[in-house]
Structure formats: structure tokens, C-alpha cells
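Close look at the chain arrangement
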Amino acid sequence: MIKTDHISAANAQAETALRTDYDALGEQLDRRGIDIAAIKAQVSDYGVAIPSWGTGTGGTRFARFPGAGEPANIFDKMDDCGVIHQLTGATPKVSLHIPWDDAPAADLLAKAEETNLAFDAMNSNTFQDQPDQAHSYKYGSLSHTDKAVRQQAIEHNLYCIELGQKIGSEALTVWVGDGSNFPGQAHFIRQFDRYLDSAKEVYAAIPDDWRLLTEHKIFEPAFYSTVVQDWGTNYLIATELGDRAQCLVDLGHHAPNVNIEMIVARLIRFGKLGGFHFNDSKYGDDDLDTGSINPYQLFLVFNELVDAAGTLGFNPAHMLDQSHNVTDPIESLMSSAIEVQRAYAQALIVDRDALSGFQDGNDALMASETLKQAYRTDVEPILAMARFEKGSAINPVATYRASGYRAQVAETRPVSSGAGGGIV
Ligand SMILES: [Mn+2]
């Protein structure tokens, strides 16, 4: 972890300017009838979970260029996640991927206490073979033609639930690589039926206070069809399974230009929005840093979420899901968590009464301008003040760089291999 003295010293340099900027923004918002302290309190309470796998350097189908001091195991990953939360105050939970992060529950809990973290959704992995497993997932897992393979995949999911219960998780996220690469390779209906039968067995083991989140993805690793290809299929699954089954929306898992915020609104309307994997993309499932390509889309997603806040039972899980190929993952995850917070803060200051009036009055231009006014507002002083007041860093990336954390862990962590991709 970073020494608190280091954070305080860095903050002391930036505090005066921050107060000036915060007061100026407060005056501006006050003229619009918005109480800056109320917005700051909501931002301060907001958290987005870190995916354990995001702490290592990612890769592409071509190569992976490992960085210095990469985490070698879940305990290293949690150290890095602890630093991210320490500096941003925005990432109180880590999401585990099993079996990559498999470890005794007591050890995971001890590390969580040490790093001031809790556990978000458990993620099962039936899209790659493990050294000790009896059956291969080459031709699918939960939807495989062979019952023995499906059973193995079901049991893996049950194990994830069992471990998750011991460490305080409350959700299982299931993403499958199942699909087909050739027209005719798979019978669409029979394959989906096999998937549903398997998913029902997993769902039967979901505790009463848990949720089963299913994640759709249009293509990859299968390139002709995927079993859970879009939000429609995802909705069908969640409906077929029951109340504790909901849809998870990964922003990168859609065709280019798809209106994701509208999908979000549809799922909200029918009580099936379970959560998010935030990232950004230009062409496909690029797993780029959240807000790096299309921050307006992220804002529009949050506009729907803020609009729906307070609806009974509405509690979507928020998590990042990114692959960092050319940056220090800690820096990318910190700045991405802040981008998510920024979109949330901007959505909070939308004048909703005015927007409703323009919508009902068919004033398209002013409806758009109402959203743009919120989006154009630089809310950084709110985010920075929320961090400062909880002892986190006013400038997380600069404070992290000056701390020497990466160089320090590089001395004890083994150099990792450049082999293998990092796409999940
Ligand atoms: Mn994802």
C-alpha cells in the first residue's frame, strides 16, 4: 500500500487550488438550483468494482508485452486493487475469476481485510481448459453436445458459488464462449436448449440473497454465432431462469453503433438489468479504458441509471472489465474508475424536470441541450473533493507515480511471461 504521509503531502500541494475550483463550481451549480455538497455526497458513496484480471497487463491475439512488477497471483492482484482503492476511494470491491484466483476462503478474507476490500461478483471460467480437467471446452461448455462436458461446466459454476458464499460475494457472473464458427455447425435451437437446461441447474444453486448475472457477447471466441449473442437472448435467459437471474451489460459486447443506453432502459423497464462491465471500444470488444473513446455514451448510460434510481429493487452491479495493453494497469483502472464516477456526477446534475418538459413538449433541441449542459459541466472538483475528504488522492495518477509503488513491487514479484493473450 502507499504510505498515508505520501498521500497527505501530495494533497497539501493541491488543496488550495482544489478549494478555489470547488467553490467556483459550487456557485455555478447553485445558480442552476443544484447543491454541490449533495452531489459530492452521492459521488463519495459510489463504488465500481475492479476485475482481478485487469491488474495484469493484457494482450492481443498477436502478443503480450508484460510490464514490470506484474501481479503473480490473487494476493498480488489484491495488493494492487488495494492501492487503486486507497488512491481513488472509488473501488471498494474486487471481482474474482475462478480458477485463476482460486485460493482458500480464509486466505482471501484475510487479504481483503489487509487491503480494505470486499468481494464483488464471482466469475466462472468455462471458456478455456485447465490442466486437471477431464473434458475439453473446445466445442462449448454449458451448451456442449456431450452431457459430461455440460456437467463439468455446471459443477465449476457450483464451486464458484460455494467459494463466493464463504467470502461474502453476492453474485455469480456467467459468460460462456460457446457458439459456432461455421453455418450449420450447431443447431441453434438445440444448442440454446442445452444451455438453458445447464443454466437452470446453476440457477437452482443460487442462494436466496444472490443474483445470477448472464453476460451477452455478439462474437468471439466463436465467430459465426454465440449462444448468448445479444441482450434479447440475455433477457430470454433471465426470464426463463427466474427472479434472481438478471442481465449483465458489457459495453464492448455489442455491434458498433448499437444504442446501448436504450438497451439499458429496456432492461430497467422489465426489472432485468443486473449490472455492467464498463470499458470502451472503437470496433469490437476492444476492452479499452472506460471513457477513452466515447465518454458521451457512458454519460447517456448513467443518465438512464440516475433516472431509474429509487425504483424498487433496482440495484445493478458496477464493475470495470478492461484489458490494458500499453499502460500501467493500476493507472488505467484508477482513471477508468474516475471516468465512471464522472459520468455518474454529470448524470446527477441533469435538470430532470426540464428534460421531462421538453420531452413531453417535443422540443428535441432543448431536450438535447439539457443533457449537454450537464455533460459539458466540468465536475472534476466534485470528484477530487470527494477523494480528498476520504483521505484518497486529489491527483491519483500523479500521486501513484511519485510513490514508486510499481518499482517497489517489481523487486519482489517474478518477471512474467510475454506469452499468451489477455483477452477475456
Ligand atoms: Mn465482460
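Residues numbered from 1 in each chain as written. Predicted model: local features only at pLDDT ≥ 70, side-chain atom pairs only at ≥ 80, totals over all residues.

The protein goes by L-rhamnose isomerase/sugar isomerase in an unreviewed UniProt entry, where it is assigned to Yoonia maritima.

**Overview of the overall build of the protein**
To be explicit about the condition: Secondary structure is summarised from DSSP: a helix means a run of H or I of at least four residues, a strand means a run of E of at least two, and numbering begins at the N terminus for each. Every radius of gyration here is taken over C-alpha atoms, with the globule rule written as 2.2 Å times N^0.38, N being the number of residues. Every C-beta atom is placed from the backbone, and the number of other C-beta atoms within 10 Å of a residue's own sets its class: buried at 20 or more, exposed at 12 or fewer, partly exposed in between.
When helices and strands are tallied, the protein shows 15 helices and 10 strands. Computed over the C-alpha atoms, the radius of gyration of the protein is 22 Å, within 12% of the 22 Å expected from 2.2 N^0.38 for a compact globule of 424 residues. Structurally, the protein occupies a C-alpha span of about 65 × 60 × 40 Å along its principal axes. Expressed as a percentage of the 424 residues in the protein, the buried residues total 46%.

**A short note on the UniProt feature "domain: Xylose isomerase-like TIM barrel" (unreviewed entry) in the protein**
Applied cut-off: UniProt positions are given in the numbering used here, feature names are shortened, and annotations may be inferred rather than shown by experiment.
In the numbering used here, UniProt assigns the feature "domain: Xylose isomerase-like TIM barrel" (unreviewed entry) to residues 96-287. From the first C-alpha to the last, residues 96-287 spans 18 Å; its make-up is 36% helix and 18% strand.

**Comments concerning the environment of Ala-204**
By the secondary structure assignment, Ala-204 is in helix H6 (residues 188-204). A count of 11 C-beta atoms within 10 Å places Ala-204 in the exposed class. Along the backbone, Ala-204 and Leu-158 are 46 residues apart, and their C-alpha atoms lie at a distance of 9.6 Å.

**Describing helix H9 (residues 295-308)**
Quick reminder of the rule: Multiplying 1.5 Å by the helix residue count minus one yields the expected span of that helix. Think of it this way: build a C-beta for each residue from its backbone, and any pair within 7 Å is a contact.
The end-to-end C-alpha separation of H9 is 20 Å, in line with the 20 Å expected for 14 residues at 1.5 Å each. For H9, every residue scored as buried is listed here: Leu-298, Phe-299, Leu-300, Val-301, Phe-302, Asn-303, Glu-304, Leu-305 and Val-306. Buried residues along H9 sit against helix H8 (260-269), helix H10 (329-348) and helix H12 (364-376). Two residues or fewer after H9 comes Gly-310, characterised by a positive phi angle close to 95 degrees.

**Points about the nonpolar core**
Under the convention used in this document: The term nonpolar core means buried Ala, Val, Leu, Ile, Met, Phe, Trp, Tyr and Cys residues held together as one set by C-beta atoms within 7 Å.
In this structure, Phe-302, Ala-347 and Ile-382 are the most contacted members of the largest nonpolar core, which totals 93 residues. A per-element tally of this core places H10 first, with 11 residues. When neighbours within four sequence positions are excluded, Ile-382 is seen to be in contact with Leu-25, Ile-36, Ile-39, Lys-40, Val-43 and Ala-345.

**Regarding unusual backbone geometry**
Negative phi values dominate among residues other than glycine, just as trans dominates among peptide bonds. Geometrically, the link from Ile-98 to Pro-99 is a cis peptide bond, its omega value of 15 degrees lying close to zero. Assignment of secondary structure puts Pro-99 in the loop between strand E2 (93-98) and helix H4 (105-115). The omega torsion across Glu-220 and Pro-221 is 5 degrees, close enough to zero to call that bond cis. Mapped onto the fold, Pro-221 is located in the loop between strand E6 (211-215) and strand E7 (225-226). A positive phi angle, close to 70 degrees, is found at Asn-257, a residue other than glycine. The topology assignment puts Asn-257 in the loop between strand E8 (245-250) and H8. Phi at Asn-362 is positive, roughly 55 degrees, even though this residue is not glycine. Counting through the fold element by element, Asn-362 comes out in the loop between helix H11 (352-360) and H12.

**A short note on helix H14 (residues 396-403)**
Put simply, the rule is: Taken from the helix axis, the directions to the C-beta atoms give the arc we talk about.
For H14, the full list of buried residues reads Pro-396, Thr-399 and Tyr-400. Considered in projection along H14, the buried side chains sweep an arc of 100 degrees and stay on one side of the axis. With its phi angle positive at about 75 degrees, Gly-404 sits one or two positions after the end of H14.

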